[in-house]
Amino acid sequence: MALFSVLIILACLHVDSVTSAIGSTEVNCLSGSNIPLGRTDEGYEGDIEIITNISPDVRLVLEPHLGTVAMKYVELVYSDGDLTATVRTIKPLDAEEIKMSAEALYYSVSCVRGPKNVRSLYVLDVNDNPPIFQSKSYSGGVSDGTPVGWVVQRVKAIDKDVTTENKRLTYSILPPVPDNFEVRYYPQENAANIELTKPVNYNDVQQYVFIVEAKDIGGLSDTTTVTLTVEDFDNLNPYFDHCLYKASIEENQVGLFSDITPEPIKAQDGDTGINEPVVYSITSVIPNEYQNSFEIDRNSGVISVTTALDREQTGQIAVFIQAAQQDDASKTADAVVLVTIVDVIDNLPKFDQVVRSSHLA
């Protein structure tokens, strides 16, 4: 009775092992066979097939077929003379590695000195790999003359999953999102282009740093840091610190002004990142007859009076000056210097020519 119970238990165990396997097969040592075992998700561990009804005089061996990758994943549990054998996994099945070799996991249970019994098992891809950016940080440059829509940087993450669906990624810029840039999917390379949506200005911001995220359909994700340095573009004219300057000089004096407000004359390139030098010139003088009474230092912008001025003839003179970018004379700025002639006592009083006298009675 005890022996019968043991046999029943063993029989149950055998049935369980057969039903728990992916397939149950037999070998054909006369003509061989080619049996598809079906499909299973990657990550599967356990029995792949149970081979039954093995003749006692047959000897089986496990051999590779269409590549050797299967030998990394499966083994044959069998001893000579056994009536059954099991092909089981050595480690979890990995669709990514298997697909690199063949469409399915192929192996052969061969009869020694006999034909092959080929087996194929299709391993289905599971979304188990997160996207990984090729670099944890990207850096590039963008000029403040770059047109809107221009691709300023490309980033790419790799998802090792096999199927197109599982490896398709969505890219986005994480908050705070800069107003000047957006990310667009680039399907040809499964990458993302960082495009300019609004012109940058070197004078406002010299560098942008933001985070780009790549996410697959299962929510697995990775991030990378993008740093874009703004490069100044020579597109701005020079400018004076003030559009109107006031200066004074005593009449009959030559040389530099005795006073100039609100500060010394100065102009500079509007492109502060380039800062090309400027040269100064006098464009006109009002009244016009004083055109030759002033000169300006080409490099410093300092104005000198070259001929003595008479307060009795005019009290103020307007000197129109211009600053031009040295390497591009078309880029200019204009200002006015209002010169006040300071009166000094230089004329003695005179009597009328006719002198009248009277006698007091």
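Please read all numbers here as calculations on a predicted model, not as lab measurements.

Rules used in this analysis
Residues numbered from 1 in each chain as written. Predicted model: local features only at pLDDT ≥ 70, side-chain atom pairs only at ≥ 80, totals over all residues. Heavy atoms only, no water. Pairing = 2+ DSSP bridges. Helix = DSSP H or I, 4+ residues; strand = E, 2+ residues; numbered from the N terminus. Axes fitted to C-alpha atoms, helices over the stretch in contact; angles between N-to-C directions. Phe/Tyr/Trp six-rings, centres within 6.5 Å; stacked < 30°, edge-to-face > 60°. Buried < 20%, exposed > 50% of the residue type's maximum accessible area, 1.4 Å probe, protein only.

### Considerations on the pairing of strand E8 (residues 116-124)
So, point 1. Where strand E2 (residues 33-41) lies against E8, eight bridges are found, and the strand directions are parallel. Bridge pairing links Thr40 to Val123 in E8.
So, point 2. Relative to E8, strand E7 (residues 105-111) runs antiparallel, the two sharing six bridges. Within the sheet, the bridge partner assigned to Ser108 lies in E8 and is Val118.
So, point 3. In textbook terms, the turn of a hairpin is the stretch between consecutive antiparallel strands, and for E7 and E8 this stretch comprises four residues, one of which, Arg113, has a positive phi near 60 degrees.

### Things to note about the sheet that holds strand E20 (residues 259-261)
So, point 1. Pairing is mixed across the open sheet formed by five strands, whose spatial order is E20-E18-E26-E25-E22. Every interior strand has two partners, whereas the edge strands, E20 and strand E22 (278-286), have only one. Here the average twist between neighbouring strands, direction ignored, is 25 degrees.
So, point 2. The pairing of strand E18 (residues 244-250) with strand E26 (residues 328-342) spans seven bridges and is classified as parallel. By the bridge assignment, Glu250 is partnered in E26 with Val342.

### What about the packing of aromatic side chains?
So, point 1. A complete count under the given rule lists six aromatic pairs for this structure.
So, point 2. With 6.2 Å between their ring centres and 50 degrees between their planes, Phe240 and Tyr280 make a pair best called tilted. Linking Phe240 in strand E17 (residues 239-240) with Tyr280 in strand E22, this pair joins segments that are 40 residues apart in sequence. Just as Phe240 is buried, Tyr280 falls in that class too.

Just distances and angles here, no functional claims.
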